[in-house]
Amino acid sequence: MVAAIFFAVGAIRPGENFLQISGEPLLSRTLKIFSESERVKILIVVVGEDEVAPVKKILDAEKNLKPYKIIVGENSRQKATATGLKFLPEDTEIILTHDALHPAVSLKTIEDVIDGAKKFGAAAAAVPEKNTIKISDENGFVVRTPPRSELMEFQPPQGFRKEILLRAYAKAEEENFFGEDDAHLVEEIGEKIKVIPGDYRNIKTVTPEDVLIAESFFEE
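Just so you know, these numbers come straight off a predicted model, no measurement behind them. (Residues numbered from 1 in each chain as written. Predicted model: local features only at pLDDT ≥ 70, side-chain atom pairs only at ≥ 80, totals over all residues. Heavy atoms only, no water.)

Undergrad: Help me understand a nonpolar patch on the surface, please; the structure alone is not making it clear to me.
TA: Side chains of Ile-133, Ile-135 and Val-143 sit close together on the surface and give an oily, nonpolar patch of about 220 Å² of accessible area. Note that Val-143 resides in strand β9 (residues 142-144). (Patch = residues over 30% accessible without salt bridge, like charges linked within 9 Å, V, L, I, M, F, W, Y side chains within 5 Å. Areas by Shrake-Rupley, 256 points an atom, 1.4 Å probe, with all protein chains shown as cover. Salt bridge = Lys/Arg side-chain N within 4 Å of Asp/Glu carboxyl O. Helix = DSSP H or I, 4+ residues; strand = E, 2+ residues; numbered from the N terminus.)

Undergrad: Sorry if this is basic, but what is going on with the packing of helix α3 (residues 77-85) against helix α5 (residues 162-175) here?
TA: Running from amino to carboxyl end, α3 crosses α5 at an angle of 125 degrees, the nearest separation of the two axes being 11 Å. The pairing of α3 with α5 is recorded here as oblique in orientation. In the crossing of α3 with α5, the sense of the turn from one axis to the other is left-handed. Side by side, α3 and α5 meet where Arg-77, Gln-78, Thr-81, Ala-82 and Leu-85 of the first sit next to Leu-165, Leu-166, Tyr-169 and Ala-172 of the second. In terms of residue class, the contact of α3 with α5 is built from six nonpolar, two polar and one charged. (Axes fitted to C-alpha atoms, helices over the stretch in contact; angles between N-to-C directions. Parallel < 35°, antiparallel > 145°, perpendicular 65-115°, else oblique. Left-handed = near helix turned anticlockwise from the far one by under 90°. Contact = heavy atoms within 4.5 Å. Nonpolar A, V, L, I, M, F, W, Y, C, P; charged D, E, K, R; others polar.)

Undergrad: Sorry if this is basic, but what is going on with the packing of aromatic side chains here?
TA: On inspection of all chains with the given rule, the structure shows one aromatic pair. Aromatic side chains Phe-6 and Phe-34 sit 4.9 Å apart centroid to centroid with 85 degrees between the ring planes, which places their arrangement in the edge-to-face category. Pair noted here: Phe-6 is in strand β1 (residues 2-7) and Phe-34 is in helix α1 (residues 26-35), with a separation of 28 residues, a long-range link. Residue class for Phe-6 comes out buried when judged on its relative accessible area of 0%. (Phe/Tyr/Trp six-rings, centres within 6.5 Å; stacked < 30°, edge-to-face > 60°. Buried < 20%, exposed > 50% of the residue type's maximum accessible area, 1.4 Å probe, protein only.)

Undergrad: Please explain helix α4 (residues 107-120) as it appears in this structure.
TA: Helical geometry note: an α-helix holds 3.6 residues per turn, so side chains three or four residues apart project in the same direction. Taking 1.5 Å as the rise per residue, α4 with 14 residues should run 20 Å; its terminal C-alpha atoms sit 20 Å apart, in good agreement. All of the buried residues in α4 are Thr-109, Ile-110, Glu-111, Val-113, Ile-114, Gly-116 and Ala-117. Where α4 ends, the next residue or the one after it, Gly-121, has phi of about 95 degrees, a positive value. (Expected span 1.5 Å × (residues − 1).)

Undergrad: What am I meant to see in the pattern of salt bridges here?
TA: When the charged atoms of two side chains lie near each other, side chains of opposite charge can form a pair. Applying the stated criterion across every chain yields a total of eleven salt bridges. A salt bridge links Arg-167 to Glu-191, with the shortest nitrogen-to-oxygen separation between them at 2.9 Å. A residue pair is termed long-range when its members are at least 10 positions apart, and Arg-167 in helix α5 and Glu-191 in the loop between α6 (182-187) and β11 (194-197) qualify at 24 residues. Relative accessible area serves as the criterion here: at 35%, Arg-167 is assigned to the partly exposed category. Taken together, the shared-partner salt bridges connect Arg-39, Glu-111 and Asp-115 into one network.

Undergrad: How do you make sense of a negative patch on the surface when you look at a structure like this?
TA: Residues Glu-173, Glu-174, Glu-175, Glu-187 and Glu-188 make up a contiguous surface patch of negative charge. Among the elements that make up the negative patch, the one with the highest residue count is α5 (three residues). By the element assignment, Glu-175 lies in helix α5. Among the residues examined, Glu-175 registers a relative accessible area of 48% and is labelled partly exposed. (Lys, Arg positive; Asp, Glu negative; His and termini not counted. Charge placed at Lys NZ, Arg CZ, Asp CG, Glu CD.)

See the structure below:
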């Protein structure tokens, strides 16, 4: 069985309603995309304590969502996901992790990441980096320019066999280690991550400009 965990803490901004695309909350749009997958059986949505009631209200109004749980977690992706892991059904085989503010993810990417996780144990969507990346020191001076051909921009979703992700989180907690993403934690236990071709449209919608760009994708 495939379970999907969504980091949704901050889905509601202080003094605002849900972040929206074309009048629809980003969170519900994101969950509906995952609900289109026949293999995803449960959605675990991690929110802030003061977000439970409004999130429940908006999700209860949706007709085509897979079964879901709303869980209270901390305002940290890693800690929030760690909380979500405690609510997995026992028969979970593959875990997908996703940021609820990525509503433009495609069903194909979701399915490809599931396939990659089943075959290789760990997989993540990614696209080739288009910009030149520089490594700087603590004083703000460039110390190295890695070849662009070696750089990939990782995106959610990321997928893992259950035992691998649980083992990675257990080690991170034991060593008080905070990674850049879930794949980083899995790397730390010596597991390889299979890169799955992603989509440049799968952007994180944080600013008003991001929302405008994402809306243009849904208008196509």
